[in-house]
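As a plain string of letters, each chain reads:
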Amino acid sequence: VQLRANSTCFFFPRKMHKEPKALNQDKVPSFALERYFAKYEFTAPHLLCCSDVEALKMSEVLPFIEKDEELFGLWNNLSFGYTEAQGLPLLREEIASLYSSEITSDNIIVLVPEEGILLAMLSILEEGDHCIVTYPGYQSLYQIAESLLTNVTVSKWEISCPDNSEEWKIDLNELRNELVAHPNTKLIVVNFPHNPTGLCLSRSEMEELLSIASEFGCYVFSDEMYIHLTHAPEYVIPSACELYKHAICLNGMSKSFSLPGLRVGWLVSQDKTFLKIVQKWKDYTTICNSAPSEILSLAALRNKDAILQRNREIINTNLEAAEAFFTKNAELFSWQRPKAGSTAFIRFRHATKTVSDLASELVQEKGVLVLPDEVYGEFSSTGFWRLGYGRRNMIEILDILQQFVDTLRV
């Protein structure tokens, strides 16, 4: 072996050269939604489909630190070293305050939100298990179990909107039927408030769901990233982990608290055995969390009321504008006003154009990005696109959308 001049790479004689075995590009399924965003998110000037609420700036978060003596000391003396694997104790205590007294800091593991989905699936599911997942939804919630775990099967429990209805619904009887049909079901995965439809369960519906899970001996993974963004008091319900010992709940800073760039989330459960297994897996992934992100998250959570009030004002203003827009253009669009979160699923009706045509032409002609339902895969309710109503410039983008819509009437 010779070292090539002015190079740190080794040069191998031709007779020793052999190409490695080709990589299997299909081993990991393409994440359709994320690939769609990767294509357009940072080039399209007008984003009308984002799932978060207007991100906070550093200039908005630092004042929270400056007025808090403890946080000010932590921030000024921050070391860029490794952090505690389970999460900063002060942060876990603050997270625990979001829940009832059954939940303490010991019931919480801080991690990256997407990582939380992966580690929960790895911790619960084994070969031969079955999983039931609300659908459509974020692809990780079903794809990890379906494609990345060995001999784990998945049923998709559809949230539907029949052609003669504008109301999103989910049938708990269908869940029971699936459990009867698949007695090997170990995990039920739900997402309420739901992205993209904005559907919420009432407290009685959530209690019935958890009762069914208990009856059949199932774990419940509850994606609750929007639980603090309900739009009316009747939609405010407890976290599943407060109501059921074997519920695992995912939340984080990305949606309700407008800090997606921190990449901080958490898993919460009363099931200590589950948490121990997750912690073992986390030693193989991120190990620990970003030190600055933990302090900034702590600052935000200590000022959660102000942040949530800000976000509700943005959302309420945008919902009124969306209501007016879709009423004006009712022959082309129909929607059910969402009950929570910052997304809605809008039905598009046109004699010759599909929702994919709408999305493609909008981004090419007007620079407006919407998310067509094709990125969620196949399901019974079709012809929808996701509206994100959490950004401050949404009303301006609706004006641009109106210009395009007017051309569809010609």
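Coordinates for the structure precede this section.
Cut-offs and rules
Residues numbered from 1 in each chain as written. Predicted model: local features only at pLDDT ≥ 70, side-chain atom pairs only at ≥ 80, totals over all residues. Heavy atoms only, no water. 1 Å grid on protein atoms, 1.4 Å probe; cavity = no way out; pocket = protein on both sides within 12 Å on 5 of 7 lines; lining within 4 Å. Points joined across faces, edges and corners; volume = space filled by probe spheres on them. Nonpolar A, V, L, I, M, F, W, Y, C, P; charged D, E, K, R; others polar. Buried < 20%, exposed > 50% of the residue type's maximum accessible area, 1.4 Å probe, protein only. Helix = DSSP H or I, 4+ residues; strand = E, 2+ residues; numbered from the N terminus. Right-handed = clockwise from strand over helix to strand, strands pointing away. Pairing = 2+ DSSP bridges. Phe/Tyr/Trp six-rings, centres within 6.5 Å; stacked < 30°, edge-to-face > 60°. Contact = heavy atoms within 4.5 Å. Axes fitted to C-alpha atoms, helices over the stretch in contact; angles between N-to-C directions.

**Q** In this structure, what is going on with empty space enclosed by the protein? I would like to understand it.
**A** If you roll a probe as big as a water molecule over the atoms, it shows you where there is empty space left. As enumerated under the stated definition, the model contains one cavity of 30 Å³ or more in all. Approximately 90 Å³ is the volume found for the largest cavity. Lining the largest cavity are 13 residues, with Phe 192, Pro 193, Ile 227, Tyr 235 and Ile 237 positioned closest to its centre. Broken down by class, the residue content of the lining of the largest cavity amounts to 10 nonpolar, two polar and one charged.

**Q** Honestly, the pairing of strand E5 (residues 130-135) in this entry has me stumped. Any pointers?
**A** Burial of E5 is extensive: six of the six residues sit out of reach of the surface. What you see with E5 is no split at all: His 130, Ile 132 and Thr 134 on one side and Cys 131, Val 133 and Tyr 135 on the other are buried throughout. Note on the crossover from E5 through helix H6 (residues 140-148) to strand E6 (residues 153-158): the handedness is right-handed. Two elements, E5 and strand E7 (residues 185-191), share four bridges in a ladder whose sense is parallel. When the sheet's bridge partners are listed, Cys 131 is paired in E7 with Leu 187.

**Q** Explain the packing of aromatic side chains here, please?
**A** Each pair of aromatic rings is reported with the distance of its centres and the angle of its planes. Enumeration over the complete set of coordinates arrives at 17 aromatic pairs. Between Phe 326 and Trp 335, the ring centres sit 5.2 Å apart and the planes meet at 40°, which makes this aromatic pair tilted. By relative accessible area, which is 3% here, Phe 326 ends up buried. On the numbers, 5.9 Å between centres and 75° between planes, the contact of Phe 333 with Trp 385 is edge-to-face. Taken together, the residues span a long stretch of sequence, with Phe 333 in strand E11 (residues 333-334) and Trp 385 in strand E15 (residues 384-388) at a distance of 52 residues.

**Q** Help me understand the sheet that holds E11, please; the structure alone is not making it clear to me.
**A** Adjacent strands of a sheet pair through backbone hydrogen bonds, lying either parallel or antiparallel. Taken together, four strands build an open sheet; the order of strands is E11-E12-E15-E14 and the sheet is antiparallel. Unpaired on one side and paired on the other, E11 and strand E14 (371-372) mark the two borders of the sheet. As defined by bridge partners, E11 adjoins strand E12 (residues 343-348) across two bridges and the pair is classed as antiparallel. Looking across to E12, one finds that Phe 333 is bridged to Phe 348. Seen against the sheet, helix H12 (residues 304-328) touches E11, E12 and E15 and runs at an angle of roughly 150° to E15.

**Q** Help me out: how do you make sense of the sheet that holds strand E10 (residues 265-269) in this one?
**A** As summarised here, the arrangement of the seven strands in space is E4-E10-E9-E8-E7-E5-E6, forming an open sheet in which the pairing is mixed. Only two strands of the sheet have a single partner each, and these edge strands are strand E4 (108-111) and E6. Strand after strand, the sheet turns through a mean of 20° between neighbouring axes, direction not considered. Where strand E8 (residues 219-223) meets strand E9 (residues 247-252), four bridges bridge the pair, whose relative direction is parallel. Across the sheet, Asp 223 pairs through a bridge with Leu 250, a residue of E9.

Limitation: the analysis is restricted to geometry and does not speak to function.
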